Amino acid sequence: MDFGPLFRNEELGPDDYLYGRKGPWPQPSPDHPHGEAYAVIHLPFVEQLDWWFHVGLRYVVSLGLTPWMFLKAFFMGGLKPVSDQKFHEILTNTMMSKFITPKLDEEDYENFKELMKQGESYVITDLQAVRTVKAYKGLYVCPTKTLMREVGHEEYEVVGIYVFKTKALLTPEDGQAWELAKYFVLQGGAICATLVVHPNLHFPLDSINAITKTALPKKHILFKLLKPHLRFTLMLENAVLTFKTSVIRNKKWMSYAPYPGAYEGLRDLLVEGFRGIPGNESYPPYHFPLTPPKVYGKYGDFQNAYYEVIYSFVKSVLKNVKSDDVHVLNWADYIAHHVPGFPKGKDIFKGDTFYQCITSYIWSVTIGHSIDHYNYAQQSVQEIPVRLRQSPPKKGDAMISRKNLVTTIDQMKYLMCMKMFFGPTNVTRLIDCDYDFTGDHNKEYKKIVTEFKSQLLELEKKLDSKGLKYIPLNEIAASIQY
Ligand SMILES: [Fe+2]
């Protein structure tokens, strides 16, 4: 495709850019400048308004549900038993399968040595990251690791749980102590899922969002391709990171803030997700992925399948972008400075890197992000607690009644949070994306978009026929908007 003289010389003025080349732009995160991804906190008024109207207002209105959620929590009556089968299902076949890793540390081999046999393969679900949480009085959190034996290709069987605070190695033979340990694992999973791993689909990508809006001309084909996938996100992130009413502040008066500890410790979870945990192979530092990060089991297979379809769409749309395109070269250089692992201008056109970068971004903010929310919202607040009111177990310990492991207020906050933040609330959807591919090649691009959407529909049918049904296509959002 010939972009014409507009892109051959630098005769572009501020009007050729979305906000007159005046930002938004990434900056060090005000709360954790050295520990968190660059943040984008100064936003054009029009973006703020768009978010408040379509997203923010819903949060305010949802607060009215508090009395209803209190009653719902009251009549629910505490936690439900989680069978070993169900525990296994949650760890290996939900978004928590993201924690499965074959990378056992020296310490893991030592802690689990009684349960490990020669010639067997093992993986662990590593929830050590919750160590930063400073629990409020009467509430408990505990790092755990769960050992699983490989019994087939990416199929596992739970063997035992190591509870860090009591240094206890527990197995299903341990009765009530085992039952309590399972809740601590699930609680750790809930906290790490929402505040350690999932945030890497949000915050590091904000720089790409902002730089695309500021550094790419509106008429550039890359800008047009990315635009529907940028909406609502920056203001949402700003609200989470800087609003005094953010769920992560976790004040006691907040009817929607379910976490068990104080803000500082919770905020450190974001740092662990982005900077990694030194010496722990399960939590490496963030590095922009060109392809979806490895997730063991069917959850990973499902989301990877979408990558292929998005890749073919991206390649068709961008096939005529030349390797000396000064806008893309500068765009990549700006981003590389702000996003660890993002290729610089000199590398972006090597092999398939350019297509992979764009596919990775679109994949992350659509399927990669939506599936986590959709899947988490399907889990029961009575099986996966966020708060626990008994200290972590050692061998021989009894468990208090499930009704008393959580209070009505604990569960009310959790239900409110599920409704407001964890559960998906789509404003714009991937399948409805309208790309503004106007110009000489309009017809050709329309055909590419039609083909993309029919491939998405076909893929959904194909995954359905294989029994892979993690999220319906029409529930996948066009951008990060919750
Ligand atoms: Fe999210």
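Peer 1: Give me the lowdown on the pairing of strand β4 (residues 155–163), citing residues and values where you can.
Peer 2: Extensive coverage of β4 is indicated by the burial of 7 of its 9 residues. As judged from the 8 bridges shared by strand β3 (residues 144–152) and β4, these two strands associate in the antiparallel manner. Note that in β4 the partner of M148 across the bridge is V158. If you look at the hairpin formed by β3 and β4, you'll find 2 residues sitting between the two strands, and E154 has a positive phi there, around 50°.

Peer 1: Provide a residue-level description of the environment of P199, including the pertinent values.
Peer 2: Summarising the element assignment, P199 is placed in helix α6 (residues 199–202). Not counting chain neighbours up to four residues away, the residues in contact with P199 comprise A193, T194, P204 and L270.

Peer 1: Requested: an account of a nonpolar patch on the surface, with residues and values cited.
Peer 2: A cluster of nonpolar side chains, W68, F70, L71, F74, F75 and I409, forms an exposed patch at the surface whose accessible area comes to about 660 Å². The leading source of residues in the nonpolar patch is helix α2 (residues 66–76), at 5 residues. Following the sequence through the fold, I409 ends up in helix α16 (residues 408–422).

Peer 1: Kindly report on the pairing of strand β2 (residues 122–126), identifying the contributing residues and their values.
Peer 2: Within a regular strand, side chains alternate between the sheet's two faces. For β2, a buried count of 5 out of 5 residues is recorded, marking the element as mostly surrounded by other parts of the structure. Alternating residues of β2 divide into Y122, I124 and D126 and V123 and T125, and every residue in both groups is buried. Direction of pairing for strand β1 (residues 100–101) relative to β2: antiparallel, over a ladder of 2 bridges. Note that in β2 the partner of T101 across the bridge is I124. With 5 bridges connecting them, β2 and β3 associate as antiparallel partners. Within the sheet, the bridge partner assigned to I124 lies in β3 and is L147.

What counts, and at which threshold
Residues numbered from 1 in each chain as written. Predicted model: local features only at pLDDT ≥ 70, side-chain atom pairs only at ≥ 80, totals over all residues. Heavy atoms only, no water. Buried < 20%, exposed > 50% of the residue type's maximum accessible area, 1.4 Å probe, protein only. Helix = DSSP H or I, 4+ residues; strand = E, 2+ residues; numbered from the N terminus. Pairing = 2+ DSSP bridges. Contact = heavy atoms within 4.5 Å. Patch = residues over 30% accessible without salt bridge, like charges linked within 9 Å, V, L, I, M, F, W, Y side chains within 5 Å. Areas by Shrake-Rupley, 256 points an atom, 1.4 Å probe, with all protein chains shown as cover. Salt bridge = Lys/Arg side-chain N within 4 Å of Asp/Glu carboxyl O.

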